[in-house]
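The chain contents come next:
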Amino acid sequence: MLNDRNILLCVSGGIAAYKACALTSKLVQAGANVRVAMTASAEQFVGKATFQALSRNPIYSDVFEEHDPTKIAHIDVVDTSDLIVVAPATANIIAKLANGIADDFITTSILAAKCPVIVSPAMNVNMLEHPATRRNIETLKSYGYQIIEPGVGNLACGWIGGGRLPESEDLVRIIASQFVPKHLLEKHVLITAGPTVERIDPVRFLSNDSSGKMGVALAEAARDMGANVTLVHGPLQVPVPDGVTAIAVESGQQMLETVLERFATQDIVIKSAAVADYRPKTVHTEKHKKVHGPLTIELEETTDILKELGTKKTHQLLVGFAAETEQLEDHARAKLERKNVDFLVANDVSKRDIGFRSDDNEVVLFRADGSSVRLPRQSKQRLAHELLAYFKEGLR
Ligand code: CTP
């Protein structure tokens, strides 16, 4: 994932410095060459030897400690880095970076850096919310640095609130996304995800097993490829990703209206949501009381959103999904034609270990020209990147 990428990890002096050890290890496991720079305060929390062992590289901490007289270490290290990550970033280092102060190895190096910089603040919630810190963070954003929003939860200082360093897996994912080629730069991509909810009464509804994982993975991948992403979603079993415009809806009708309003401005529309085909004809405004004997709920057909888009599309690339339990190929090809889509992603939902709710998926991608390609079982994240590469090729 990060093979041969040179990452300079700058660790400043907060309690979350211990989490930077796991981050170093995970980056190395992902194939990166990690060089660690530490502030003097960081060394109060974690010893140099730990980072040295984990990164298998010497540690940078003193700006005057030069081992190679042919180079100036704090300049050379940034000139040979693909990315700089400051994690954890204390209020102090953020203030120094915002104001161009260069009084230790990290601040001197970053002031000379030409490569992208990611800053992951971690501190007490009140420090984070102080206007000085907020202003300094805004200043860093204006320099083009990417700021990772701190997590909310129990802080080491006893306060509960924002200021936690994200888990190392999440940081690795964010770091890896920097290296995704920006093939969808300035493209508008709308993705629908998750199930729809069709109300019977205020406390009951009809829905389905969709978790929304595939749609969310597509939204994240499109975002990482530089697209402007809108995610129209029903209730999801995974968090809504950062950096996308997320619009929560309940019913298929709401999803239809939301998508139609935005359709004209999109380049790619991917309908991965599991939209209910039927909804109760009557929606009770009060809780439906128990009746003795059997109860029949009359259902009426919902509008097929994808089919509707297929009749309206002009320049948009339209992608449908098909969940099938039998005769996958025949049903998928029929859907592709009936709904006038450019690509149809078919998955066999009878296989318990893939598809709905699962973290993995295996699909067959059908194109409008009749050709198809089988994409073997893999994580929904990887699959999302592969699918988008095909969709990008199909852009008009
Ligand atoms: N779809 C839609 N609106 C609906 C039903 C389905 O937009 N009311 C979309 C889905 O988002 C998906 C595609 O149509 O992209 C295929 O959905 P699927 O449920 O597999 O197919 P259906 O057309 O509903 O056919 P069937 O349920 O008979 O397989």
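Residues numbered from 1 in each chain as written. Predicted model: local features only at pLDDT ≥ 70, side-chain atom pairs only at ≥ 80, totals over all residues. Heavy atoms only, no water.

Visitor: How would you sum up the sheet that holds strand 11 (residues 228–233)? Please name residues and give values.
Guide: Across a sheet, paired strands are connected by hydrogen bonds in the backbone, their directions being either parallel or antiparallel. With respect to topology, eight strands assemble into an open sheet ordered 12-11-8-13-16-17-18-19, the strand pairing being mixed. If you trace the sheet from one side to the other, it starts and ends with strand 12 (245–248) and strand 19 (372–379), each paired once. For this sheet, the mean inter-axis angle between neighbouring strands, taken without regard to orientation, is 15°. Here four bridges tie strand 11 to strand 12, and the two strands are oriented parallel to one another. Residue His233 lies in a different strand from strand 12, and its bridge partner there is Ala248. Helix-sheet contacts for helix 12 (residues 305–312) involve strand 13 (268–271) and strand 16 (317–324), and the interaxial angle to strand 16 is about 155°. Each of strand 13, strand 16, strand 17 (343–348), strand 18 (360–367) and strand 19 touches helix 14 (residues 380–394); the most contacted strand, strand 19, lies at about 155° to it. (Pairing = 2+ DSSP bridges. Helix = DSSP H or I, 4+ residues; strand = E, 2+ residues; numbered from the N terminus. Axes fitted to C-alpha atoms, helices over the stretch in contact; angles between N-to-C directions. Contact = heavy atoms within 4.5 Å.)

Visitor: How would you summarise the sheet that holds strand 2 (residues 33–38) if you had to cite specific residues and measurements?
Guide: The strand order across the open sheet built from five strands is 2-1-3-4-5, with neighbouring strands paired in parallel fashion. If you trace the sheet from one side to the other, it starts and ends with strand 2 and strand 5 (146–147), each paired once. When strand 4 (residues 117–121) meets strand 5, the two strands line up parallel, connected through two bridges. Counted as the bridge partner of Val119 is Ile147 from strand 5.

Visitor: Lay out the site of the ligand with the relevant residues and their values.
Guide: Around the ligand, a shell composed of 17 residues is seen, among which Lys271, Ala273, Phe321, Lys335 and Lys339 lie nearest. One of the side-chain N or O atoms of Lys335 is found 2.6 Å from an oxygen atom in the ligand. Across the complex, the protein chains shield 79% of the 560 Å² of accessible surface that the ligand would expose by itself. Contributions of two or more residues to the shell around the ligand are made by helix 12, strand 16 and helix 13 (328–338). The element that contributes the greatest number of residues to the shell around the ligand is strand 16, accounting for four residues. For the shell around the ligand, the per-class residue count stands at eight nonpolar, three polar and six charged. (Near = heavy atom within 4 Å. Polar contact = N/O pair within 3.5 Å; in protein donor to acceptor, adjacent residues only side chain to side chain. Areas by Shrake-Rupley, 256 points an atom, 1.4 Å probe, with all protein chains shown as cover. Nonpolar A, V, L, I, M, F, W, Y, C, P; charged D, E, K, R; others polar.)

Visitor: Can you explain the packing of aromatic side chains? Please cite residues and give values.
Guide: In total, this model carries three aromatic pairs according to the counting rule given. Ring centres 5.0 Å apart and planes at 25° place the aromatic pair Tyr60 and Phe105 in the stacked group. Taken together, the positions of Tyr60 in the loop between helix 3 (48–55) and helix 4 (73–79) and Phe105 in helix 6 (residues 105–111) put the pair 45 residues apart, joining distant regions of the chain. Both rings, one in Phe343 and one in Phe391, keep their centres 5.2 Å apart while their planes meet at 50°; by these two values the pair is tilted. Of the two residues, Phe343 sits in strand 17 while Phe391 sits in helix 14, which places them 48 residues apart along the sequence. Judged by relative accessible area, Phe343 falls into the buried class, the value being 5%. A relative accessible area of 0% means that Phe391 is categorised as buried. (Phe/Tyr/Trp six-rings, centres within 6.5 Å; stacked < 30°, edge-to-face > 60°. Buried < 20%, exposed > 50% of the residue type's maximum accessible area, 1.4 Å probe, protein only.)

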